[in-house]
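Understanding the architecture of this molecule
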Amino acid sequence: RSDVPSLLSAMDVMVFPSFYEGMPNTVIEAQATGLPCVIADTITREAKITDLVDYLSLEESAEHWAQVVMNKADGKRTDTKQSFVENEYDILTVVKGFINIIFEQ
């Protein structure tokens, strides 16, 4: 979709109760916009770039998930740039890594 930034901007919390994902780019994109995320504990820990991610078990009740989501839904966005830089998810670090892989091996 070409309107992902608009969709993420309209959300208060991203909820991701998935049985399995490889590397969920949607969770990373959500964090980049400062959006709190409540995701299943079946999701890889590498998806947590910021402190905006809470992992919950799929064994927890729907009521528990709803309570955690409501607690995170304060409408505030966090600036996540520094977290992305520290975790080497910023564009400059990624480009340098790409150039290294392609041209300097």
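Everything numeric here is computed off the predicted structure, so don't read it as measured data. (Residues numbered from 1 in each chain as written. Predicted model: local features only at pLDDT ≥ 70, side-chain atom pairs only at ≥ 80, totals over all residues. Heavy atoms only, no water.)

Using the criterion set out here, one finds 1 aromatic pair in the structure. Ring centres of Phe84 and Tyr89 lie 6.2 Å apart, and the angle between their planes is 85 degrees; on these two criteria the pair is classed as edge-to-face. Of the residues examined, Phe84 reaches a relative accessible area of 8% and is grouped as buried. Looking at Arg45, its charged tip hangs above the ring of Tyr55, at a distance of 4.0 Å from the centre. (Phe/Tyr/Trp six-rings, centres within 6.5 Å; stacked < 30°, edge-to-face > 60°. Buried < 20%, exposed > 50% of the residue type's maximum accessible area, 1.4 Å probe, protein only. Lys NZ or Arg CZ within 6 Å of the ring centre and 35° of its normal.)

Counted according to the given criterion, the structure contains 2 salt bridges. Salt-bridge contacts for Asp54 lead to Lys72; the nearest nitrogen and oxygen are separated by 3.4 Å. Here the residue Asp54 occupies a position in strand S3 (residues 53-56), and Lys72 occupies one in helix H3 (residues 62-72), the gap between them amounting to 18 residues. (Salt bridge = Lys/Arg side-chain N within 4 Å of Asp/Glu carboxyl O. Helix = DSSP H or I, 4+ residues; strand = E, 2+ residues; numbered from the N terminus.)

Topologically, Asp79 is positioned in the loop between H3 and helix H4 (81-86). The spatial distance from the C-alpha of Asp79 to the C-alpha of Ile28 is 14 Å, given a sequence separation of 51 residues. A polar atom in the side chain of Asp79 sits 3.1 Å from the backbone nitrogen of Lys81. (Polar contact = N/O pair within 3.5 Å; in protein donor to acceptor, adjacent residues only side chain to side chain.)

With that settled, the discussion passes to the sheet that holds S3. Backbone hydrogen bonds hold the strands of a sheet together, and the pairing may be parallel or antiparallel. With parallel pairing, 3 strands are arranged side by side in an open sheet as S1-S2-S3. Two strands in the sheet have a free side with no partner beyond their single neighbour: strand S1 (14-16) and S3. Between one strand and the next, the sheet's axes are offset by a mean angle of 15 degrees, whatever the strand orientation. Sheet contacts for helix H2 (residues 25-32): S1, strand S2 (37-40) and S3; angle to S1, the most-contacted strand, approximately 160 degrees. The strands that H3 touches are S1, S2 and S3; relative to S2, the one it contacts most, it runs at about 155 degrees. (Pairing = 2+ DSSP bridges. Axes fitted to C-alpha atoms, helices over the stretch in contact; angles between N-to-C directions. Contact = heavy atoms within 4.5 Å.)

Those residues of H2 that fall on the buried side of the exposure criterion are Val27, Ile28, Ala30 and Gln31. Buried positions in H2, seen along its axis, are confined to an arc of 160 degrees and lie on one side of it. Along its buried surface, H2 packs onto helix H1 (4-10), S1, S2, S3 and H4. In the segment just after H2, Gly34 is the residue with positive phi, at about 85 degrees. (Arc of directions from axis to C-beta.)

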